[in-house]
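# Inside the fold
What follows is the residue order along each chain.
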Amino acid sequence: MLKGIDPVLGPDLIMTLRAMGHGDEIAVVDGNYPAVAHARRLVRMDGHDATRVVDAILSVMPLDDDQAAAFRPGIRGDEAAVEPIMADFEAIVRRHEPAKAVTPLMGQAFYDRVRAAYAVVATGERRLYGNLVLRKGVVRPD
């Protein structure tokens, strides 16, 4: 255990987050997502919900300054459709980064983004569409 670090952030995830550079992306995916097939680097967190993992990650990782730095899958070709878990992701992102929003990516574009991510975190999330990609920003000097 470490002081000031969310206990959900285990050694493998902390190492991955620390190794990432500005602009690298990390995907947090649900239990139905083909994480093993799509991951360049895989961190397993099967016992945790995706929202809990995203909250823990954003407690230590800034998002990129670009407006689009958090991405969710679109739903059956309807960019405006929002599942409850997507609203939860949006609230978590805004709590940590008030100026940021979550951008929908339709179909193959979302899968391609996950495949290109620095790492994929496979969670035990059971809600459908429980997937989010986050682009790492910079920590500015004090």
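Residues numbered from 1 in each chain as written. Predicted model: local features only at pLDDT ≥ 70, side-chain atom pairs only at ≥ 80, totals over all residues. Heavy atoms only, no water.

## Quick word on the sheet that holds strand 5 (residues 119-123)
Taking strand neighbours across the sheet as the criterion, the 6 strands line up as 2-5-1-6-3-4 in an open arrangement whose pairing is mixed. Each edge of the open sheet carries a strand with a single partner, namely strand 2 (42-45) and strand 4 (101-105). Adjacent strand axes in the sheet meet at a mean angle of 25° when their direction is disregarded. Where strand 3 (residues 68-73) lies against strand 6 (residues 132-135), 2 bridges are found, and the strand directions are antiparallel. The residue of strand 6 that forms the bridge with F71 is V133. Against the sheet, helix 4 (residues 84-96) makes contact with strand 3, strand 4 and strand 6, and its axis sits at roughly 140° relative to strand 4, the strand it touches most. Packing of helix 5 (residues 108-116) onto the sheet brings it into contact with strand 1 (25-29), strand 3, strand 4, strand 5 and strand 6, and relative to strand 6 it is tilted by some 55°. (Pairing = 2+ DSSP bridges. Helix = DSSP H or I, 4+ residues; strand = E, 2+ residues; numbered from the N terminus. Axes fitted to C-alpha atoms, helices over the stretch in contact; angles between N-to-C directions. Contact = heavy atoms within 4.5 Å.)

## A look at a nonpolar patch on the surface
A cluster of nonpolar side chains, namely L2, I5, I14 and V60, defines an oily patch on the protein surface of about 300 Å² accessible area. Along the chain, the position of V60 falls in the loop between helix 3 (50-58) and strand 3. Judged by its relative accessible area of 39%, V60 is partly exposed. (Patch = residues over 30% accessible without salt bridge, like charges linked within 9 Å, V, L, I, M, F, W, Y side chains within 5 Å. Areas by Shrake-Rupley, 256 points an atom, 1.4 Å probe, with all protein chains shown as cover. Salt bridge = Lys/Arg side-chain N within 4 Å of Asp/Glu carboxyl O. Buried < 20%, exposed > 50% of the residue type's maximum accessible area, 1.4 Å probe, protein only.)

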